[in-house]
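What follows is the residue order along each chain.
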Amino acid sequence: MSAMKTKRKKSRLQAGALIIITATVYIILSTRPSAAPSELEPLAEISFPAVSAETAADMQGSGNARGNTGNPILHYYINPESYGYYTDTGTFPYMMDRQESIANGGFALDDGRLLQADSMNHCIWFSNIKDKRSVRIPVEGIPSIIGSRMFILRNDQMAAGEIDSNGKLLWSREFGSILTASSVAGKVSLWGFLDGSVEILDEKGALALRLESNSFDVHSEYRGVYGAAIAVDGDSLALLYGLGPQYMLVYEKKNGSYHLVHSRKLEEEKRYSQPLLYSLDGESLLAASGDGLVYYDRKKKKSSLVAVRRALFASADSRCKLVCVGDGQFGGIVSAGGESFMLMIRNGLCTTMMPAADASDIVYRDGELVLTMKGGINRFEVVGRVLNQ
């Protein structure tokens, strides 16, 4: 009898040890370490000055932006109250009232160019910030800067045109449905629509390829494109597609046409446009969705959810912006429920997640992540190896 008890006790000990060993092995195997995690080093904070009525009127009334003396390096910013330009020394030579500009038709800007709609005068003002030169473009519409290219979308979002650095209209094109998402890679542009169709245009605005809404290899109760991205080589594109259910789809170009190589069915749906972004080398993709951030490895043709608080993305008031930081690296801000966080993603892992109260915009330039906060600009140096800048 004693021998039987001893044997049962030994069996229980062996079983317990096996469970512990199995759990340990599982934890080790399921944890994907990052060989060189991204880190952020705080550099400087620049506080916003008050925006005076005189300053806003001077900059917007004529379509020109007022500059200071000399030729300082200017960087753009956008916050909930204003937009404009600042210098590394902390001055703000250009500031404009955001709500007034939106009421007047909208705006778009980058470090060297500013587009402002002027519905009162039925035109758009294009300003070359570095040359302090402005051109009146005699068309109405919604200004947009995507990558290095400038577009004007018709107010009903069923047509678009591209303009050059002199404000000249290069081409225009009518669409068959409402535009819901777009992306640019060099001379190729990708346009997604509410009816679920997709168009790829060449540099002259001519149709290079069209994916009809009934040609997709997945079935959703409601068609529609809610996010779009095209890789730098133009050979891969990704979509946030459909409702009931919603999918993340990835296509690769072969023999002149695009073929579905990966689909991921999502549990939570988003009914408004979400950011999708390929890395600078085009080998990976990061997409915002109701399920959270989805990372896609183009070589492995596999996707995975990034371990970031899912509730932030599922929330109805969720807002997210993503930026490329390097090969396989992304930065971003996500806000929901009164909380905001700045993120760094490397090879599908979240290496940094820090509170960023009231963050409204994020930009990557020259090795720095620049965060626009309610009170000013916060700059961070990206510590670690960043390729393809």
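Keep in mind that what you see is a predicted model, and the values were worked out from it rather than measured.

Undergrad: Could you clarify how one ought to interpret the packing of aromatic side chains in this entry?
TA: Ring pairs (aromatic) are described by centroid distance and by the angle formed between their planes. Applying the stated criterion to the full structure yields 12 aromatic pairs. Between F151 and W191 the ring centres are 5.4 Å apart and the planes differ by 85 degrees, which places this aromatic pair in the edge-to-face class. Of this pair, F151 sits in strand 10 (residues 149–153) while W191 sits in strand 14 (residues 188–193), placing them 40 residues apart in sequence. Judged by its relative accessible area of 0%, F151 is buried. For W191, a relative accessible area of 1% translates into the label buried.

Undergrad: Mind showing me how you'd approach the pattern of salt bridges here?
TA: If the charged atoms of two oppositely charged side chains come close together, the side chains can form a pair. Counting across every chain of the model gives 15 salt bridges. D111 is paired through a salt bridge with R365; the nearest N and O atoms lie 3.0 Å apart. Of this pair, D111 sits in the loop between strand 5 (107–109) and strand 6 (113–118) while R365 sits in strand 29 (residues 361–365), placing them 254 residues apart in sequence. For D111, a relative accessible area of 24% translates into the label partly exposed. Note that R309 and E339 form a salt bridge whose closest N and O atoms lie 2.9 Å from each other. In this pair, R309 is assigned in the loop between strand 24 (302–305) and helix 4 (310–314) and E339 in strand 27 (residues 339–346), connecting sequence segments 30 residues apart. Judged by relative accessible area, R309 falls into the partly exposed class, the value being 40%. Look at E339 and you get partly exposed, because its relative accessible area is 33%.

Undergrad: For this particular structure, what's the right way to read the environment of C123?
TA: Turning to its location among the elements, C123 is positioned in strand 7 (residues 123–128). Remark: the alpha-carbon pair of C123 and E140, spanning 17 residues in sequence, is separated by 5.1 Å. Dropping the residues within four chain positions of it, C123 is found in contact with Q116, A117, D118, R136, I137, P138, V139 and E140.

Undergrad: I'm lost on the sheet that holds strand 28 (residues 349–355) in this one. Help?
TA: Strand pairing within a sheet occurs via backbone hydrogen bonds; the two strands may be parallel or antiparallel. The strand order across the open sheet built from 4 strands is 25-26-27-28, with neighbouring strands paired in antiparallel fashion. Each having just a single partner strand, strand 25 (319–326) and strand 28 make up the two edges of the open sheet. For this sheet the average axis-to-axis angle between neighbouring strands, irrespective of direction, equals 20 degrees. Relative to strand 26 (residues 329–336), strand 25 runs antiparallel, the two being bridged by 7 bridges. Counted as the bridge partner of G326 is Q329 from strand 26.

About the cut-offs
Residues numbered from 1 in each chain as written. Predicted model: local features only at pLDDT ≥ 70, side-chain atom pairs only at ≥ 80, totals over all residues. Heavy atoms only, no water. Phe/Tyr/Trp six-rings, centres within 6.5 Å; stacked < 30°, edge-to-face > 60°. Helix = DSSP H or I, 4+ residues; strand = E, 2+ residues; numbered from the N terminus. Buried < 20%, exposed > 50% of the residue type's maximum accessible area, 1.4 Å probe, protein only. Salt bridge = Lys/Arg side-chain N within 4 Å of Asp/Glu carboxyl O. Contact = heavy atoms within 4.5 Å. Pairing = 2+ DSSP bridges. Axes fitted to C-alpha atoms, helices over the stretch in contact; angles between N-to-C directions.

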